[in-house]
Amino acid sequence: DVKVTQSSRYLVKRTGEKVFLECVQDMDHENMFWYRQDPGLGLRLIYFSYDVKMKEKGDIPEGYSVSREKKERFSLILESASTNQTSMYLCASSLARGRGAGELFFGEGSRLTVL
Amino acid sequence: DQQVKQNSPSLSVQEGRISILNCDYTNSMFDYFLWYKKYPAEGPTFLISISSIKDKNEDGRFTVFLNKSAKHLSLHIVPSQPGDSAVYFCAATRRGRTSYDKVIFGPGTSLSVIP
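The rules we used
Here, residues in each chain are numbered from 1, in the same order as that chain's written sequence. Key to labels: chains lettered from A, ligands numbered from 1, both in the order written. Owing to the predicted nature of the model, reporting of local features is limited to residues with pLDDT of at least 70; listing and counting of side-chain atom pairs is limited to 80 or more, with chain, interface and lining totals taken over all residues. Side-chain numbers here rest on the full set of heavy atoms in the structure, without hydrogens or water. Going along the chain from the N terminus, every DSSP run of H or I of four or more residues is numbered as a helix, and every run of E of two or more is numbered as a strand. Radius of gyration: over C-alpha atoms. The globule rule applied is 2.2 Å multiplied by the number of residues raised to the 0.38 power. For every residue, the accessible area obtained with a 1.4 Å probe (protein chains only) is divided by the maximum for its type, and the residue is called buried under 20%, exposed over 50%, and partly exposed between those limits. Whether two residues touch is decided by their heavy atoms; if any such pair falls within 4.5 Å, the residues are in contact. Areas reported here follow the Shrake-Rupley algorithm with a probe of radius 1.4 Å; residue values treat only the protein chains shown as occluding. When charges are counted, neither His nor the chain ends are considered; positive counts come from Lys and Arg and negative counts from Asp and Glu. Here the site of a charge means atom NZ of a Lys, CZ of an Arg, CG of an Asp or CD of a Glu. Here the quantity called buried area is the accessible surface, traced with a 1.4 Å probe, that two parts lose on coming together, added over both. Each salt bridge in this description consists of a side-chain nitrogen of Lys or Arg and a carboxyl oxygen of Asp or Glu lying within 4 Å of one another. We define a polar contact as two N or O atoms separated by no more than 3.5 Å, with the added condition that, inside protein, one atom must be a possible hydrogen donor and the other a possible acceptor, whereas residues neighbouring each other in sequence contribute only through side-chain atom pairs. The residue classification treats Ala, Val, Leu, Ile, Met, Phe, Trp, Tyr, Cys and Pro as nonpolar and Asp, Glu, Lys and Arg as charged. All others, Gly included, are polar. In what follows, a disulfide is any cysteine sulfur pair within 2.5 Å. In this description, strands pair whenever DSSP reports at least two bridges between them.

On to the overall build of chain B, then. The helix and strand inventory of chain B stands at zero helices and eleven strands. Tracing chain B from N to C terminus, the helices and strands come up as β-β-β-β-β-β-β-β-β-β-β. Compactness check: chain B gives a C-alpha radius of gyration of 14 Å against a globular reference of 13 Å for 115 residues, within 12% of the reference. Projecting the C-alpha coordinates of chain B onto the three principal axes gives extents of approximately 45 × 30 × 25 Å. The buried share of chain B, reckoned over its 115 residues, is 43%. In chain B, 54% of the contacts between residues at least 6 apart in sequence involve partners at least 24 apart. Accessible area for chain B stands at about 5,600 Å²; split by element, carbon and sulfur atoms hold 47% of it. Between the averaged position of the 13 positive side-chain charges in chain B and that of its 10 negative side-chain charges there is a distance of 5 Å.

Here's what the structure looks like:
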């Protein structure tokens, strides 16, 4: 069974703290994504990666960075957390080509609260 | 500027009736469209997709229709069941020369199926 695992379901951090959100997929997918979900705004793409050590900015990359040192792992980093980064963060992966390409598999999400 | 729009934030339907969820897009480069379903506290799960070379795709109770000239797609659920109550996200992407591109989501429509 396919699996995308996010390291923390719930986090509470203080303003200015550094935050790491980890995501691991076991499907050997090339593409990995980080989205945030906010009421009325849907899922907005923060960053995505189509290969190890490669990254592309999404629609709202400001205040975030990412790391992909291994194919199965994609990390989202908040260098200095702010209250407007309180959100649900969703990691996803997908095949780059072939049957099923383009279809995203999501983790269960990480609910981050910044105080 | 939202590239994928879902203009109805919510929809209520009686059990057994048809649910119709609508989605509009602005980017004519999109050539692959997906619908995702999301329950509270879970990640979105893939429901059904359609390529731009088709105008209809059916999977059990779910059918997606694509009208390329109008840049419009819709998801039909027949018959609707209480377990279908969830937030539905429309998403779109573009197939690059060798692989799929980032996936852009709409803001979602919350469907309530009343028993």
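Residue-level contacts link 20 residues of chain B with 22 residues of chain A. The junction of chain B with chain A conceals about 1,700 Å² of combined surface from both sides, 58% of it contributed by carbon and sulfur atoms. The interface formed by chain B and chain A contains zero salt bridges. Across the contact surface, chain B and chain A share four residue pairs in polar contact (both at pLDDT 80 or more). For the side of chain B that touches chain A, the secondary structure elements donating two or more residues are β4 (32-38) and β10 (104-105) of chain B. With four residues, β4(B) is the largest single contributor of residues to the side of chain B that touches chain A. Grouping the amino acids of the side of chain B that touches chain A by side-chain chemistry returns twelve nonpolar, four polar and four charged.

To continue, consider the state of the cysteines. Residues and elements named next belong to chain B. One pass over the full model with this rule turns up two disulfides over all chains. One disulfide bridge connects C23 with C90, the sulfur atoms lying 2.0 Å from each other. Between C23 and C90, the S-S dihedral sits near -75°, and the bridge is therefore left-handed. In this pair, C23 sits in strand β3 (residues 19-25) while C90 sits in strand β9 (residues 86-93), placing the two residues 67 residues apart along the sequence. You'll find C23 and C90 in the same group, each marked buried.

Attention shifts here to the sheet that holds strand β8 (residues 72-77) of chain B. Residue and element names in this part refer to chain B. Here five strands make up an open sheet; going across it, the order is β1-β3-β8-β7-β6 and the pairing antiparallel. The sheet is open, and its two edges are formed by β1 (4-5) and β6 (56-59), each paired on a single side. Judged from the four bridges that link them, β6 and strand β7 (residues 62-67) form a sheet pairing that is antiparallel. Across the sheet, residue N57 finds its bridge partner in β7, namely V64.

Residue and element names in this part refer to chain A. According to the stated counting rule, one finds ten salt bridges over all chains in the structure shown. Ionic pairing is found between E108 and R9, a salt bridge with its closest N-O pair at 3.0 Å. In this pair, E108 is assigned in the loop between β11 (105-106) and β12 (110-114) and R9 in the loop between β1 (4-6) and β2 (10-13), connecting sequence segments 99 residues apart. For E108, a relative accessible area of 43% gives the class partly exposed. A relative accessible area of 30% places R9 in the partly exposed class. With its nearest N and O atoms 3.5 Å apart, the salt bridge here joins K18 to E79.

What follows covers the side chain of S93(A). All names here are of chain A. Looking at the secondary structure, you find S93 in strand β10 (residues 87-94). For S93, a relative accessible area of 0% translates into the label buried. One polar contact links S93 to H29, side chain to side chain, over a distance of 2.8 Å. Once you skip the residues sitting within four places of it in the chain, S93 turns out to touch V4, Q25, M27, H29, N31, M32, F33, E103, L104 and F105.

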